[in-house]
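Fold and contact review
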Amino acid sequence: HYDEHAHPVPHQPWRRGITNGCEDPLSAWWRLKAQDIISDAVQLVGGKVVDYTWYLGQLVISLDADEFGNVVSYTSGHPVKIVYPDSTDIDDGGHVWEDPEEKDPELEEMMYTEEDEYLDYEQYDEETEWEILKSTFADENGNPKEPRGREERMMELNEMRGERYAAEELIESKPFDGNFAHPVDTKALSVLSQAIMTALEDENVEEELRILSRHDVILTSPLDDPCVLDSQSEFDAAVNKDVYVETRDPWGSNRVLGGKLVDRNSMDVIINQDNSGRMVTIPHSMIHQVLLPSGLAVGSERIRREIDAMGEDDEDDENDETYE
């Protein structure tokens, strides 16, 4: 029962209640053993786990969609429910399956602001980045132009992302009945889901690790957006980098907190706010998304490479036609 004097995390007196052991670090033995069991089960049927992201009551398993073709066939399996993004889903956040085959290159090209064309994909601190933009940013006629700060650019990017998922042409791919063909390989997902659940439902495994009794298991694909931190490995790689944490709460006091990423665990994201030495702990329940400003330049470089590759393919096609 609820005990107002119970503090599961000693240095967080404001956090009360029972966390059922889920406050343990990500390196806890039972988490690592569960990950090994799941990885082995997935590999046994031909799949591949990309990442594990733990929350207080959820375990999000990122799967490699490129390996779905290697997943063994089946005669029966768990039913799979595909969640398609719409404007409500994006506003509320959360994990959805994103089919990499469904991405629109033209929409992807719009996901980066004009200032990012002047930055490479190195990690700059905000002051250095501002100086680079101040000295190089110009309009189409070459006249100096005042650049926008990181926060304003990230907010613009967030709006673009919401518009992308709400676009009518993407929503039309949502099936309206059971006979409509999903773009996601639900057969492979069913096999993988069955393999994972069978492994975790084992009596000895559940008794020792208590994964299913404490967590909802969610299967997803990597978001693969350099501007949004979505999985644990991405958070780990972004430690000591500048981030913006966009919050959502029932009281309408939503805001954006900026600083260096210090840590991400099963319950919180911790930042060094404004690089001032003040550590701020933000519970996942209040986080809408975590943005990585340096990802703007990474994504811009990725888009440039894709455009260059498309141009080379077009040239090859023209040369082939010439020699025929």
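Before reading on, note that the structure itself is shown above.
The structure reproduced in this document is the subject of the present report. (Residues numbered from 1 in each chain as written. Predicted model: local features only at pLDDT ≥ 70, side-chain atom pairs only at ≥ 80, totals over all residues. Heavy atoms only, no water.)

1. Some thoughts on the sheet that holds strand E3 (residues 216-220)
Reading across from one edge, E1-E2-E3 is the order of the three strands in this open sheet, with mixed pairing throughout. In this open sheet, the two edge strands, each paired with only one partner strand, are strand E1 (49-54) and E3. Neighbour to neighbour, the strand axes of the sheet diverge by 20° on average, direction disregarded. Taken together, the five bridges between E1 and strand E2 (residues 58-63) define a ladder with antiparallel strand orientation. Within the sheet, the bridge partner assigned to Val49 lies in E2 and is Leu63. (Pairing = 2+ DSSP bridges. Helix = DSSP H or I, 4+ residues; strand = E, 2+ residues; numbered from the N terminus. Axes fitted to C-alpha atoms, helices over the stretch in contact; angles between N-to-C directions.)

2. A few points about the pairing of strand E8 (residues 278-283)
Across six bridges, strand E7 (residues 268-273) lies against E8 in antiparallel orientation. Paired with Ile271 across the two strands is Val280, which belongs to E8. Adjacent in sequence and paired antiparallel, E7 and E8 are bridged by four residues, among which Asp274 carries a positive phi angle near 55°.

3. Overview of the pattern of salt bridges
Summed over all chains, the structure comprises three salt bridges. Two residues, Asp242 and Lys260, come together in a salt bridge whose shortest N-O distance is 3.5 Å. Of the two residues, Asp242 is situated in strand E5 (residues 242-247) and Lys260 in strand E6 (residues 256-264); the sequence distance between them amounts to 18 residues. What makes Asp242 buried here is its relative accessible area of 8%. The salt bridge involving Arg248 is made with Glu246; its shortest N-O contact spans 3.0 Å. (Salt bridge = Lys/Arg side-chain N within 4 Å of Asp/Glu carboxyl O. Buried < 20%, exposed > 50% of the residue type's maximum accessible area, 1.4 Å probe, protein only.)

Bear in mind that shape data such as this cannot, by itself, settle questions of function.
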